[in-house]
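Structural overview for review
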Amino acid sequence: MSDASINTQANTGEASFGDYFALLKPRVMSLVVFTAAVGLLAAPGSLHPFEAFCAILFIAVGGGASGALNMWFDSDIDQVMKRTQGRPIPAGKVQRDEALAIGVALSGFSVVMLGLATNWVAAGLLAFTIFFYAVIYTMWLKRWTPQNIVIGGAAGAFPPMIGWAAVTGGVAIESVLMFTLTFMWTPPHFWALCLFMKSDYKDAGVPMLHVTHGRRVTRNHILVYTLLLAAIAIGMAFTGVGGPIYLTTALVLNGLFVLGAVSIWRRDETVAEADGYKREKAFFALSLVYLFLHFGAILAEALMAPYGFGGW
Amino acid sequence: MSFREPHELHKRRFGRNLGVALVLTSFIFIVFGLTYVKITRGDYEPENASVER
């Protein structure tokens, strides 16, 4: 590409391929890919490697499609919030209608292709996930209740269940527990972010918990959800997807996570502002590692099982 | 034989067109690969094939 063409693009604000790709929320997609792959590999039974690759690809495309629908519907909010002002629609690179068209087309495409590649239970779960994220969360809960992130978090928790269903053609206690792990992890992860992102949600009029009920209540909620999460995460060690590696990982990570939540709970705004929300930022960073390592441990158990090491 | 100078639009949208071309080509390979896997595994053999044998 010549310098001239780059300049022309910058002047006209015309969308590049990357701008359309950004509609699919690639960073969220990476989490979807990873957790879906773990669900798929931990499930009893097997798929042909090419089918497995296609299953993960179509789950990722479905997740991306719901991201595009979210950007279409929330473009007014995205324009107000600093964190989202650079997204393709508020940046003026992609039109709202284009995002809607891409979202709808990729939703249908991903569901049909996943059904053809694996089975229709997995495809049905993917369709429900897209519906849940785009309609239940984005259109309904997000602007209505401070519990938006709690219930809406379910959308991000479905991929391991879909991966599991792609192999087994059904739902099992293990896949439900993998869903629950991400479901319970989302609120403390997001509320910690809210504590140090301060006015963004307030400016956009989104009723996040810290906006409607205050920061003290948010800190209490982070602690309660972290304790519930720890019980579920450690309990999972004793199911079919658990084992010594997972148990060790879960004990260490949940110990650290609970300590982080207690430390956030014991602080007030004056102390937090004084040190630039250091503990809240550390807790948020830990939450990313937390989820990655939990699913990593499930994956390790599944990969070592054929050699007689994984599981109990 | 000489090729005409590419239109400004082609230059401007080269990246986007290339991206779309790659996506569509990948889709062809995916459909081909899935078909190959499913047919060679016997997913689409007639149900009475074993009776005839």
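This report concerns the structure included in the present document. Since we're looking at a predicted model, the values are computed, not measured. (Residues numbered from 1 in each chain as written. Chains lettered and ligands numbered in written order. Predicted model: local features only at pLDDT ≥ 70, side-chain atom pairs only at ≥ 80, totals over all residues. Heavy atoms only, no water.)

**Comments concerning the overall build of chain B**
Helix and strand content of chain B: 3 helices and 0 strands. Scanning chain B from its N terminus toward the C terminus, one meets helices and strands in the order α-α-α. Taking all 53 residues of chain B together, 15% fall into the buried category. Accessible area of chain B: about 4,800 Å², with a carbon and sulfur share of 64%. (Helix = DSSP H or I, 4+ residues; strand = E, 2+ residues; numbered from the N terminus. Buried < 20%, exposed > 50% of the residue type's maximum accessible area, 1.4 Å probe, protein only. Areas by Shrake-Rupley, 256 points an atom, 1.4 Å probe, with all protein chains shown as cover.)

**Section: the interface of chain A and chain B**
By a widespread convention, an interface's size corresponds to the accessible area lost as its parts come together. In this complex, chain A contributes 18 residues to the contact, which on the side of chain B involves 18 residues. Interface area for chain A against chain B, summed over the two sides, is near 1,500 Å², with a carbon-plus-sulfur share of 69%. Counting across the chain A and chain B interface gives 2 salt bridges. Of the charged contacts, one joins K38(B) and E51(A) as a salt bridge, the two residues approaching to 2.9 Å between their closest N and O atoms. At the level of secondary structure, the elements contributing two or more residues to the side of chain A that touches chain B comprise α1 (3–12), α2 (17–22), α4 (49–73) and α6 (96–117) of chain A. Looking at the side of chain A that touches chain B, the element that brings in the most residues is α4(A), giving 5 residues. Among the residues forming the side of chain A that touches chain B, the class breakdown is 12 nonpolar, 4 polar and 2 charged. (Contact = heavy atoms within 4.5 Å. Buried area = accessible area lost by both parts, 1.4 Å probe. Salt bridge = Lys/Arg side-chain N within 4 Å of Asp/Glu carboxyl O. Nonpolar A, V, L, I, M, F, W, Y, C, P; charged D, E, K, R; others polar.)

**Remarks on a nonpolar patch on the surface**
Taken together, the side chains of F128(A), F131(A), V135(A), M139(A), W140(A) and W144(A) present a nonpolar region at the surface, about 620 Å² in accessible area. Structurally, M139(A) is set in helix α7 (residues 120–141). (Patch = residues over 30% accessible without salt bridge, like charges linked within 9 Å, V, L, I, M, F, W, Y side chains within 5 Å.)

**Some points on the environment of A60(A)**
Relative to the assigned elements, A60(A) resides in helix α4. Ignoring any residue separated from it by four or fewer positions in sequence, one finds A60(A) in contact with M29(A), V32(A) and V33(A).

**With respect to the packing of helix α10 (residues 173–197) of chain A against helix α13 (residues 215–235) of chain A**
All names here are of chain A. Axis separation between α10 and α13 bottoms out at 9 Å; the angle between their running directions is 155°. With respect to each other, α10 and α13 are oriented roughly antiparallel. The chirality of how α10 crosses α13 is left-handed. Between α10 and α13, the residues in contact are L177, T180, L181, M184, W185, P187, P188, W191, A192, C194 and L195 and R215, T218, R219, H221, I222, Y225, T226, L228, L229, I232 and A233, respectively. Counted by class, the contact of α10 with α13 contains 16 nonpolar, 4 polar and 2 charged residues. (Axes fitted to C-alpha atoms, helices over the stretch in contact; angles between N-to-C directions. Parallel < 35°, antiparallel > 145°, perpendicular 65-115°, else oblique. Left-handed = near helix turned anticlockwise from the far one by under 90°.)

**A few points about helix α3 (residues 26–42) of chain A**
Taking 1.5 Å of rise per residue, the 17 residues of α3(A) would be expected to cover 24 Å, and the 24 Å separating its terminal C-alpha atoms lies within 8% of that figure. Buried residues in α3(A) make contact with α4, α9 (159–168), α10 and α16 (278–304) of chain A. (Expected span 1.5 Å × (residues − 1).)

**Notes on the pattern of salt bridges**
Side chains that carry opposite charge are capable of pairing whenever their charged atoms lie near each other. Residues and elements named next belong to chain A. Enumeration over the complete set of coordinates arrives at 13 salt bridges over all chains. The partner of D78 in a salt bridge is R87, with the nearest N and O atoms 3.3 Å apart. For the pair D78 and R87, a shared accessibility class is recorded, and that class is buried. With a shortest N-O distance of 3.1 Å, R267 and E280 are connected by a salt bridge. Here the residue R267 occupies a position in the loop between α14 (244–266) and α15 (269–274), and E280 occupies one in helix α16, the gap between them amounting to 13 residues. Overall, the relative accessible area of 0% leaves E280 in the buried class. A cluster of three or more residues bridged by salt bridges with shared partners is formed by R215, R219, R267, E269, D275 and E280.

**Details of the nonpolar core**
Residue and element names in this part refer to chain A. With 90 residues, the main nonpolar core has Y246 and I298 as its most contacted residues. Looking at this core, the element that brings in the most residues is α10, giving 13 residues. Summarising the domain contributions, this core has at least three residues from each of domain 1 (1–170) and domain 2 (172–312). In contact with I298, not counting residues within four places along its chain, are V38, A42, M178, M236, V241 and Y246. A15, L23, L24 and W72 belong to the second largest nonpolar core, which has 12 residues in total. (Core = buried A, V, L, I, M, F, W, Y, C linked by side-chain atoms within 4.5 Å. Domains from an automatic or database assignment.)

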